[in-house]
Each structure stands twice: as C-alpha cells, then as structure tokens.
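Single-letter residue listing:
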Amino acid sequence: MALVLGLSLLGTGSLAAPVFAANTSEKKQEETVTSMDEEGNMQTVESGPKLIENPAGPDKTRKGEPQVVNFRTKNNAVTEFIEQETAKPGYTNGAYGADAVYLGYANGKYKFMLSGVVGWVKEDEVQVVNLSQAKAVSCYEVKDGKLLHHIVQDMTTPGYATSLNNGPAPSYLEPGVTYYSYDGHYFYKDYGVMVTDYRKDQRSQSVNPQEPYYNYFQYLPMRSQSSYTGMEVNKMLDGTLKEGSKMKDTGELFVSNQNTYGVNALLMTGIAANESNWGKSSISQKKNNLFGLNATDKAPGANANQYESVADCIEDFANGWMSKGYLYPKDYRYNGGFLGNKASGLNVKYASDPYWGEKAANIVWRLDHAMGEKDAGKYTLAVKEIVPKEHVSVNVRKEPSASSTLLYKTGKAANYVVLVRNQEAKDGFYEIQSDGVLDEKREGVVKSSGNYSFEQMYGYMSADYLTLISFSKQEDGEAQEPVAPEENQKPEEITLFVTPEAVEVLQGKTQQFTATVKNETGTLPELAWTVVGNQSQNTTVDNNGMLTVGKDETADKIIVRAALAANPEKGADAVAVIAKEQEPDKVPAEPPKEEETPEPPEQEGETVTPEEPDKPEGEVDTPKEPEKPEGEVDTPEEPENQEGEVETPEESEKPEGETETPKEPEKQDSEVTDSEVPKQEAPQKETEQNLAGQEVHQEMNTEPSKSQDKQKQEKQQEKKESVKTGDETPVLLFVITGSVAILFLLYRTVRRKKYN
C-alpha cells in the first residue's frame, strides 16, 4: 500500500472543549490544558507562562544562529496574529504549542510559522530567543515504522509533553534521525536550512522537495464514509473507555449521523475523544457535551451547550455545527472540510490549540489500527496549492466545463484538500465530493438542510489547480497508480494573480502591483483596482496598480485587489504590510565651510588688507564685502545672495556646471587694472569638480582665498615700501641739485679769477 500521507505542523494536546461560537470574538478555548501521547491518552499539565530568561531578542541581520518564537508567555490564553498572505486574523494558544520558527521583524511585529500558518504577531505578546536558548523545540522522528511528531509545550524544560502518531512513515525518512518541520509537509535535518527555505517561500532544501507528506486522517475530508459499522465501533470503544465515560455505546450514533448528515463517523469519534477526554471531561459529564460546543474563552465550562442526551449532542454536531456550519462553503468559518491545522481546515477556527486537528487524527489512527485498518488510504485525495503563494480561490462546478453552473468557491486557504471520486480527470476536471449540501437540481449549495447524499452531491474542479497526494486502495490492498492530468488543458475560467503577493510598504511611499491572468486567450481583460482595509483616505491605488500609502495611514495591513471590471467577484488580492516611517539615522546637514581667515574673501586687486584697521595715508579705503571672488560659481544651496554680494541674474536658468562671471565692481582709483580681469582657469576647474558635490566646491573656494590673501598682503607690503621710497626722493634730488649748483658756481668763480 503506497500512500503519500502527511503531517500537520506543531501539535499539542487538547482535551477539553475548544471554543466553538458563532461570534468570532469568542475565541475557542479549552477548559484545561492537556498533553497527549501517541495512543491518545491525555493528562492535565501546568497552564502558566514559561518564559526564557534573558531572551536574545530578534536578530534583524539574519546572520546569527536560527531563532525561535516562544508563544508560552501567558496562562491558558489566546494569542492573536494576522496571516501573512491573506491578512486574515487568527489565534493560537501557547500552552498547547510553545515554539514557532522566527522568520523576521517589521513594524513592531514578528513573522513566524506555526502549525502551517505564516503570520505576524505583536512583539509584546511573545519572546524571540536563540535556538541554543531553547531547551527543546518541536520535531519529528521515525519509530517502529510510524512517524511521530514531538510537540513542545514548554521551551524551558527538556523533552516533549505531546507526541502524536501521524501514521506510517514515508520511505524518505530514516529511523534515528531528528527532523524539523513547521508545516508538516516538508522535513529538514538542519533547523537553519529550514529557516532559509521558509524565508524564500520554497522547500527546495528539504529531504523531500518533490514528495510533500500529508497525514491521511488529518486531511481526509469530513465528507467521507467510514467502513466500520456501529457495532464495530462500539466493540472497540468498550475495550478503550474508562468506567462512566459518556462515549460508551456511541458507535451506532456516529454511524447513523454519518449516513444522514454526511460526516465521517470515525472522524467524529476522534474529535469527541479529543474534546471530552474519552467522555470523562467535566463538560461532557455535566452537560452531555462531547465536542466542547460553545465553550468560549470567557467561561468554557459555564458557556458550553447543555444537551438532554449524548445522542442530541452528536446530532447537533453533525447537522448544525458541521453540515450546516463548518462544511458550508459560504460560512465565515469555512477553510476546507477536513481536520487540518492553523493554515487550513476546521482547526483554523474550531480551537485555539494549534494541533487540535492533528490530535483528533492521532486518535483516529489508533481506532483504525485497532479495528483492522479499513479506513486508512481508502480514498484518493488531492490538494490545492501546497506551498502557500497565490492563494487562489477555485470554482467548483456542476459539470466538467468552465461554462458550467458554479456550485461554490473553495476559498483562498492553501493546502486545501478534496476527496477525488474518480482519479482520472475528465476534460481537464476532477470529480470531487462536495463539501456543501447541494439542492435537488445540484445547482448550488444550501444551508436550510444538513441532510447529505454521498451519491448525488459532487462537483468538478479544474485539474490545473490540484495535485494528487494519496490514492485509494484496490481490492488487493495496493494503491492505484496516479493518472496524470491531460497536458495543455485550458483553465476552467479567468483567474487572476497579483504580484507581489505580500510586501512591506512605508507610510507615504508607493508600491507597484502587477496583475497576471490565466485564461483561454492569455490576454489581460480590463481590471478595476481597489484597496481594502485602509484607514486613511490618502491611501489609494490607481488604475495601473500603483499603491500610494498615506503618511497618516494607521492600518497594520491593507489588501490591494484587482478584479475584472465586468465581474468584480472575479479577482485576486495582495497584502501590503504598512510600516511606519521610522526616523533614519540622521546625518546632520553640514554647514558651509568657513574660510580659515576670519575675513570674507576680497576682490582681487584691492589695496587694503582687512587686518589693518588704521590705513596709511593715501591708501584707498575699501569697505568689507562678503561677496565671492570674481569668477566663483554660486553653490545651489544658497539661493539668496547675502547683503553686499554680487547678484547674478537668472542663475536658476543656467545649465548645471556653467561658470558665470559676476559683474565687475567699479574700479577704485588706486586699483591695478590687470588684477581686475578674472582668470578663467580656476573657475573652470571648480565647475568640473562641482559636479561631484558641494563639499569639493567649498574646499576649492578655501584654497584660492588663502592664495589671494597672501598675494594681497605682498602687494600691500610693496605699496607701503613704495610709499616710503617716494617720501625720500625729493630730499635726495634737492641735495644733488644743490651740490651740482654749488660746484657749478665754484667752477665759474675759479675761471673768472683765472682769466682776470
């Protein structure tokens, strides 16, 4: 018997009533906290918080050792989260499953995977610790040919409180090896490798990347029939139940209600045993309530429904809670018609225990084994979307045609499993057992009646969306070979996909979303884009899928939806996680660099240095001017000229990098004309450097200023020296002229005396 079975992720012992209420605010809650062994035996365990001392906290670099999320931070209480892909609210109870794998952090929430669901939980609700800080984490092992799931309910203590039988171990798992998995379908020998795959939304590094594992009874649809008679079930229960159990002689009741309301008798028995501790819980004893119906978190024992008899309770469960409730595709609690886990199936809404579905299946494995293993592998099963990515809601139709009457939609839950009535596809469609009760003409689902006909209530799903995961046994006990779907089958109808499926967007930022289509032509029809769940009117999406998140957006997540303009019911969603705009590491704006000399640069050619307050006589007094040296390029950070600066008209219209020569100031009488002509090499060089940034520009301004000051000082010194030299020249000329005149007079006098 070759069966591809599978496991639910992290399970924990459940026993008393799960919260079961029409009001979603009334979370499903067990009366007491229990553990469970592989035989389905239960024990009450401590329900207080189990905190790890000095938790490491999230490693946002993702470069350190793997990390674990500790949900056991409260008493027996619910912890809420938001599912990553769908933005739907969910909840779990850390007392039944303490550990989840840590996947990331954003906007005050931790991303995790637990019992198949990827979600976001508020950081103040849980702990994040290094893997080495946890005394134990949940894992799998092969023992005596069975696959056991060891579940941690307390990360501060070594060992496992709960161990569940998931059925025959697949051939690719070996005895003596510890395996890790938080979806129950793909297994890893290394915890860190598993984290890497999960963060990439892939399973390529698992030991079974091509053979996902499904726990048969955990994913067997409730719309199936057990092979056992009521008498057989009674006989088996007589040898199992303790004295005084409310489950005694219930076998015929389960089978009778199966045949009337279409709910599998053996699965109902497993749920009842899990919920009532084999008929010994206080709620079952006092209220004949085997299923913890309406046992809400405020007061499980007080609020649980009271029934006159156990028979009434079983009928109410099969008819009201299942056939007209959880199995009705239009019910808000519908996430698939099987036990499941926190990602799909009844477990999503039925109980806060994340392993409630796996525990019920654990009991069914025991019951089936005790009665001859007639039910295991009886049906062919198929799954929609194994690795959650697209979350497509697929239509179930009356006939194997895309134009046939629509019966109901599957919903967006991934790992959605159906019972395949004929494993050979017809015209690209599989014939499946309907979850919902159908009307007489088989043209739609009804809720007015819970009566179900296995022969008449079926539909068709496109084979494009289904993967066969187990195959019904033939009479010789061997499994039938799978029949591959016909190639190149046309999709049943238009199906949209929006990418990215989930993304983080900052307040005040934008994100482009793209819609792709899967239909007969492959062309994209006209779409209508909308945003759902936003709190700000400034959060919008345009006709091209461009999302703009308002700066005042307060929603944690919003949904971006692309739907057919002609039929808004046909569409696809994406999730945008809104991250508050955090203050970046502020780099203070660097002020303009000041010149090393305390004075502003002066026009080339000035005759007065600012260091000399008392100017020599005859020196031209030029007032201080903060304007830039002639030929300097204005920096764009200074749009307004300071008082006294030379203003360059229409500078904003000049191309970047162009050097403009400021207007020449009026020449002073004592200025040297040559110095008034700006040299072009320096400004041209500065313009080229300025393309790289203002800092370079400012540094270049500093050096020319120093050089100009030095030149001016030298010129001043020369001028002073020239002034001093000019004061001595008249005296020297007078002396020389006088001496020459005296010599000339003496010469004339001597000549006269000589000739006389």
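Here is a short report on the structure shown in this document. Nothing here was measured: the structure is a model prediction, and the numbers come from that model.

**Digging into the overall build of the protein**
Here's step 1: If you tally the helices and strands in the protein, you get twelve helices and 28 strands.
Here's step 2: Per-residue burial for the protein yields a buried fraction of 52% across its 756 residues.
Here's step 3: Sequence separation of at least 24 residues holds for 66% of the intrachain contacts in the protein that already meet a minimum separation of 6.
Here's step 4: Total accessible area computed for the protein in this model is approximately 35700 Å², and 48% of it derives from carbon and sulfur atoms.

**Focus: the pairing of strand 17 (residues 429-433)**
Here's step 1: Summarising burial for strand 17: five of the five residues are buried, a large majority.
Here's step 2: With burial as the criterion, each face of strand 17 is covered, one bearing Phe429, Glu431 and Gln433 and the other bearing Tyr430 and Ile432.
Here's step 3: With three bridges connecting them, strand 16 (residues 416-426) and strand 17 associate as antiparallel partners. When the sheet's bridge partners are listed, Val420 is paired in strand 17 with Ile432.
Here's step 4: Where strand 16 folds back onto strand 17 in an antiparallel hairpin, the turn is made up of two residues, including Asp427, whose phi is positive at roughly 55°.
Here's step 5: As paired strands, strand 17 and strand 18 (residues 458-462) are joined by five bridges and run antiparallel to one another. Residue pairing in the sheet places Tyr430 in a bridge with Met461 of strand 18.

**As for the side chain of Glu431**
Here's step 1: Mapped onto the elements of the fold, Glu431 is located in strand 17.
Here's step 2: There is a polar contact of 2.7 Å between the side chain of Glu431 and the side chain of Arg421.
Here's step 3: A distance of 3.0 Å separates the side chain of Glu431 from the side chain of Tyr460, its partner in a polar contact.
Here's step 4: Apart from residues lying up to four places away in sequence, Glu431 is in contact with Leu419, Val420, Arg421, Asn422, Tyr458, Gly459 and Tyr460.

**Section: unusual backbone geometry**
Here's step 1: Residues Thr499 and Pro500 are joined by a peptide bond in cis, for which omega reads -5°.
Here's step 2: Residue Asn288 is not a glycine yet carries a positive backbone phi of 55°.
Here's step 3: Mapped onto the elements of the fold, Asn288 is located in the loop between helix 6 (282-287) and helix 7 (300-303).
Here's step 4: Since its relative accessible area comes to 11%, Asn288 is described here as buried.

**Overview of helix 1 (residues 191-199)**
Here's step 1: Every buried residue belonging to helix 1 is among Tyr191, Met194, Val195, Asp197 and Tyr198, and all of these are buried. End-on, the buried residues of helix 1 take up no more than an arc of 165°, which puts them together on one face.
Here's step 2: For helix 1, the side-chain oxygen to backbone nitrogen distance between the N-cap and Gly192 is 2.9 Å, and the N-cap itself is Asp190.
Here's step 3: Looking one or two residues past helix 1, Asp201 carries a phi angle of roughly 55°, positive in sign.

**Considering helix 8 (residues 310-326)**
Here's step 1: Helix length check: helix 8 (17 residues) gives 21 Å between terminal C-alpha atoms against 24 Å at 1.5 Å per residue, more than 12% under.
Here's step 2: Approximately 30° is the largest bend angle found in helix 8, and it occurs at Asp316.
Here's step 3: Every buried residue of helix 8 is listed here: Val310, Cys313, Ile314, Phe317, Ala318, Asn319, Trp321, Met322, Ser323, Gly325 and Tyr326.
Here's step 4: Next to the buried residues of helix 8 lie helix 4 (251-261), helix 5 (265-276) and helix 9 (347-350).

**Observations concerning the sheet that holds strand 22 (residues 510-512)**
Here's step 1: With respect to topology, three strands assemble into an open sheet ordered 22-26-25, the strand pairing being antiparallel. Because the sheet does not close on itself, it has two edges, and the strands there are strand 22 and strand 25 (540-541).
Here's step 2: Of the strand pairs in this sheet, strand 22 and strand 26 (residues 546-548) are connected by three bridges, and their pairing is antiparallel. If you follow Thr510 over to strand 26, its bridge partner there is Thr548.

**What to know about the sheet that holds strand 11 (residues 146-151)**
Here's step 1: Taken in spatial order, the three strands make up an open sheet running 10-11-12, and their pairing is antiparallel. The open sheet has two free edges, formed respectively by strand 10 (139-143) and strand 12 (162-168), since each of these has just one partner strand. With strand direction ignored, the average angle separating the axes of adjacent strands in the sheet is 25°.
Here's step 2: Bridging between strand 11 and strand 12 involves five bridges; their strand directions are antiparallel. For His150, the partnering residue across the bridge sits in strand 12 and is Ser163.
Here's step 3: Contacts from helix 10 (residues 356-370) reach strand 11 and strand 12 within the one sheet, and its direction differs from that of strand 12 by about 60°.

**Some words on a nonpolar patch on the surface**
Here's step 1: Residues Ile742, Leu743 and Leu746 make up a contiguous nonpolar surface patch of about 310 Å² in total accessible area.
Here's step 2: Topologically, Ile742 is positioned in helix 12 (residues 694-755).
Here's step 3: With a relative accessible area of 51%, Ile742 lands in the exposed category.

**Concerning the packing of aromatic side chains**
Here's step 1: Per the counting criterion, the structure on display carries 20 aromatic pairs.
Here's step 2: Ring centres of Tyr214 and Tyr219 lie 5.1 Å apart, and the angle between their planes is 80°; this geometry places the pair in the edge-to-face category.
Here's step 3: Judged by relative accessible area, which is 1%, Tyr214 ranks as buried.
Here's step 4: On the basis of relative accessible area, Tyr219 is assigned to the buried category, the value being 1%.
Here's step 5: Judged by centre distance (6.1 Å) and plane angle (80°), the rings of Tyr458 and Tyr460 are edge-to-face. Of the two residues examined, Tyr458 and Tyr460, each falls in the buried class.
Here's step 6: Cluster of aromatic residues (ring-pair linked, three or more members): Tyr214, Tyr219, Tyr334, Phe338 and Tyr416.
Here's step 7: Seen from the ring of Tyr91, Lys342 lies directly overhead, with NZ or CZ sitting 4.4 Å from the centre.

**Quick look at the packing of helix 4 against helix 5**
Here's step 1: For the pair helix 4 and helix 5, the least separation of the axes is 8 Å and the interaxial angle reads 130°. By the angle between their axes, helix 4 is oblique relative to helix 5. Judged by the sense of rotation from one axis to the other, the crossing of helix 4 with helix 5 is right-handed. Between helix 4 and helix 5, the contacting residues are Phe254, Val255, Asn257 and Gln258 on the first element and Ala265, Met268, Thr269 and Ala272 on the second.

**What about the nonpolar core?**
Within soluble globular proteins, side chains that are nonpolar generally end up buried alongside one another.
Here's step 1: Ranked by internal contacts, the top residues of the largest apolar core, which has 98 residues, are Phe291 and Tyr350.
Here's step 2: Core analysis: the second largest hydrophobic core is formed by 27 residues, Tyr328, Val396, Leu407 and Ala463 among them.

**Remarks on the side chain of Asn93**
Here's step 1: Here Asn93 shows up in strand 5 (residues 89-93).
Here's step 2: On the basis of relative accessibility, which here comes to 0%, the residue Asn93 falls in the buried class.
Here's step 3: A polar side-chain atom of Asn93 sits 2.7 Å from a polar atom in the side chain of Asn76.

**Description of the packing of helix 3 (residues 230-238) against helix 4**
Here's step 1: It is the contact of helix 3 with helix 4, at a shortest axis distance of 7 Å, that shows an interaxial angle of 145°. Between helix 3 and helix 4 the crossing geometry is right-handed. Across the interface between the two elements, Gly230, Met231, Val233, Asn234 and Leu237 of helix 3 pack against Gly251, Glu252 and Val255 of helix 4.
Here's step 2: Taken together, the residues of the contact of helix 3 with helix 4 sort by class into four nonpolar, three polar and one charged.

Cut-offs applied
- Residues numbered from 1 in each chain as written.
- Predicted model: local features only at pLDDT ≥ 70, side-chain atom pairs only at ≥ 80, totals over all residues.
- Heavy atoms only, no water.
- Helix = DSSP H or I, 4+ residues; strand = E, 2+ residues; numbered from the N terminus.
- Buried < 20%, exposed > 50% of the residue type's maximum accessible area, 1.4 Å probe, protein only.
- Contact = heavy atoms within 4.5 Å.
- Areas by Shrake-Rupley, 256 points an atom, 1.4 Å probe, with all protein chains shown as cover.
- Pairing = 2+ DSSP bridges.
- Polar contact = N/O pair within 3.5 Å; in protein donor to acceptor, adjacent residues only side chain to side chain.
- Arc of directions from axis to C-beta.
- Expected span 1.5 Å × (residues − 1).
- Bend = angle between axes of the 7 residues up to and from the residue.
- Axes fitted to C-alpha atoms, helices over the stretch in contact; angles between N-to-C directions.
- Patch = residues over 30% accessible without salt bridge, like charges linked within 9 Å, V, L, I, M, F, W, Y side chains within 5 Å.
- Salt bridge = Lys/Arg side-chain N within 4 Å of Asp/Glu carboxyl O.
- Phe/Tyr/Trp six-rings, centres within 6.5 Å; stacked < 30°, edge-to-face > 60°.
- Lys NZ or Arg CZ within 6 Å of the ring centre and 35° of its normal.
- Parallel < 35°, antiparallel > 145°, perpendicular 65-115°, else oblique.
- Left-handed = near helix turned anticlockwise from the far one by under 90°.
- Core = buried A, V, L, I, M, F, W, Y, C linked by side-chain atoms within 4.5 Å.
- Nonpolar A, V, L, I, M, F, W, Y, C, P; charged D, E, K, R; others polar.

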